[in-house]
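Residue-level structural notes
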Amino acid sequence: MAVPGTERKGSCFWCLKAVKWIPVLFIITIVAWSYYAYVIQLCLITVENTIAQIFYFIFFHLFFFMFCWSYAQTIFTDIGRVPNNFRLAEADFEAYLHHNDSLELQNRILENCSKNLPVTNVTIGGTVRFCDKCKMIKPDRTHHCSVCGECVLKMDHHCPWINNCVCFTNYKFFVLFLGYALLYCIYICLTSLPYFIAFWKGDLQGMGSFHILFLFFVAIMFGVSLMSLFGYHCYLVLENRTTLEAFRPPSFRGVGADKYGFHLGRFKNFKEVFGEDAKTWFLPVSTSLGDGISFPQRNMDEDQEGLLHEHPFDEEELRYP
């Protein structure tokens, strides 16, 4: 998350950085209140059956712990750095700027600088992807984030609710965060529903009943939002696409735009994000395959129709940059 050179920024910069944490603090406040409402007001005060109390208490803390763990990992995992060998030498960058009136000459400079780099993605016009802010040739699937102020590996999007970019290093954590947050909301809805009904029947009295009422409504509200977002990112995982690539398919050298360029088959796509070991798939620990710089690609000559019918991919069909 840290941007190089921030130590030289002024007070306005740091005030802006502090403001960006407001959405995160809002989420933390809601979660902290939901813990109080569920554990204290529902489990300890409202629920009278001891067996039900234990059942509610244990499973609530299981979902709560996994949700908080994955959320923390999503927030505090560093977005990674583009290696220095992708940065243009000062002389090359000056030559690039000098020829700002000739795109052909600029691209020739970039082609020469990128000839030994594992780069296959190009711009829509077929030229080398270059970030003039970072003075770097962009690795495949890398994009510049204006909020973070740097190029981000396999960038999906910048999320204000985590005050971080969703990218190669934390995408698994982000998907797990959405999944566990959804399970957290569903569990609260299902276990508080009988007491919500009792409230409307007038069988539940006291101030604690209002906590349970609002807890149910908040869980429903967040649950509906999370359901669509989690479902969408499950789709992206299985298609091996980022949110940015879903809106604009990546272009490949000599091929052009191809939204299936990184599609390896759905199970292999899943393992690209969650890793090879099934025991760690649903734990927020780093197991994603690769380095975030280069990615396996399907055979560009593979028939599109075969891909759409999920034709199985063998290892020799995958092309590595």
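Heads up: these notes are all about the structure in this document. Since we're looking at a predicted model, the values are computed, not measured. (Residues numbered from 1 in each chain as written. Predicted model: local features only at pLDDT ≥ 70, side-chain atom pairs only at ≥ 80, totals over all residues. Heavy atoms only, no water.)

Describing the overall build of the protein
Heads up, the condition is: We count a stretch as a helix when DSSP gives it H or I for four or more residues in a row; a strand needs E for two or more, and each element gets its number in order from the N terminus. In this scheme, a residue with accessible area under 20% of its type's maximum is buried, one over 50% is exposed, and one in between is partly exposed, where area comes from a 1.4 Å probe on protein chains only. By definition, residues are in contact when any of their heavy atoms lie within 4.5 Å. The method behind every accessible area is Shrake-Rupley, applied with a 1.4 Å probe, and residues are considered shielded solely by the protein chains displayed.
For the protein, the count of helices and strands is ten helices and eleven strands. Scored against the burial criterion, the 321 residues of the protein give a buried share of 46%. Taking all contacts inside the protein whose residues are at least 6 apart in sequence as the whole, residues at least 24 apart take part in 63%. For the protein, the exposed surface amounts to about 16800 Å²; the carbon and sulfur share of it is 65%.

Description of the nonpolar core
Going by this rule: What we call a nonpolar core is a set of buried Ala, Val, Leu, Ile, Met, Phe, Trp, Tyr and Cys residues that are connected through their side-chain atoms within 4.5 Å.
If you look at the biggest cluster of nonpolar residues, it comprises 51 residues, and the most contacted ones within it are Y38, F60, Y171 and F274. Going through the elements one at a time, helix 2 (22–46), helix 3 (50–76), helix 6 (171–201), helix 7 (208–239) and helix 9 (266–274) are the ones with two or more residues in this core. At 18 residues, the largest contribution of residues to this core is made by helix 6. Setting aside chain neighbours within four positions, we find F60 in contact with S34, Y35, Y38, V39, Y184, Y187 and I188. Ranked by size, the runner-up nonpolar core spans 21 residues in total, among them F93, L117, F168 and F262.

Looking at unusual backbone geometry
Even without being a glycine, R141 presents a positive backbone phi close to 70 degrees. Inspection of the secondary structure puts R141 in the loop between strand 3 (136–137) and strand 4 (143–145). Taking the relative accessible area as the measure of exposure, R141 reaches 2% and is therefore buried.

Here's the deal with the side chain of D156
For the record, the criterion: All tallies of charge rest on Lys and Arg as positive and Asp and Glu as negative; His and the ends of each chain are not included. Salt-bridge detection follows one rule: a side-chain nitrogen of Lys or Arg within 4 Å of a carboxyl oxygen of Asp or Glu.
Turning to its location among the elements, D156 is positioned in the loop between strand 5 (150–152) and strand 6 (157–159). Despite its burial, D156 remains without a salt bridge, the nearest opposite charge being carried by K154 at 7.6 Å. Excluding residues that lie within four positions of it along the chain, D156 makes contacts with V166, C167, Y171, H233, L236, T242, T243 and L244.

As for helix 9
Taken together, the buried positions of helix 9 are N269, F270, K271, E272, V273 and F274. In the segment just after helix 9, G275 is the residue with positive phi, at about 90 degrees.

Some remarks on the pattern of salt bridges
All chains considered together, the criterion is met by ten salt bridges. Between R81 and E150 there is a salt bridge whose closest N-O contact spans 3.4 Å. In this pair, R81 is assigned in the loop between helix 3 and helix 4 (90–98) and E150 in strand 5, connecting sequence segments 69 residues apart. What makes R81 partly exposed here is its relative accessible area of 36%. According to the relative accessible area criterion, E150 is buried, its value standing at 7%.

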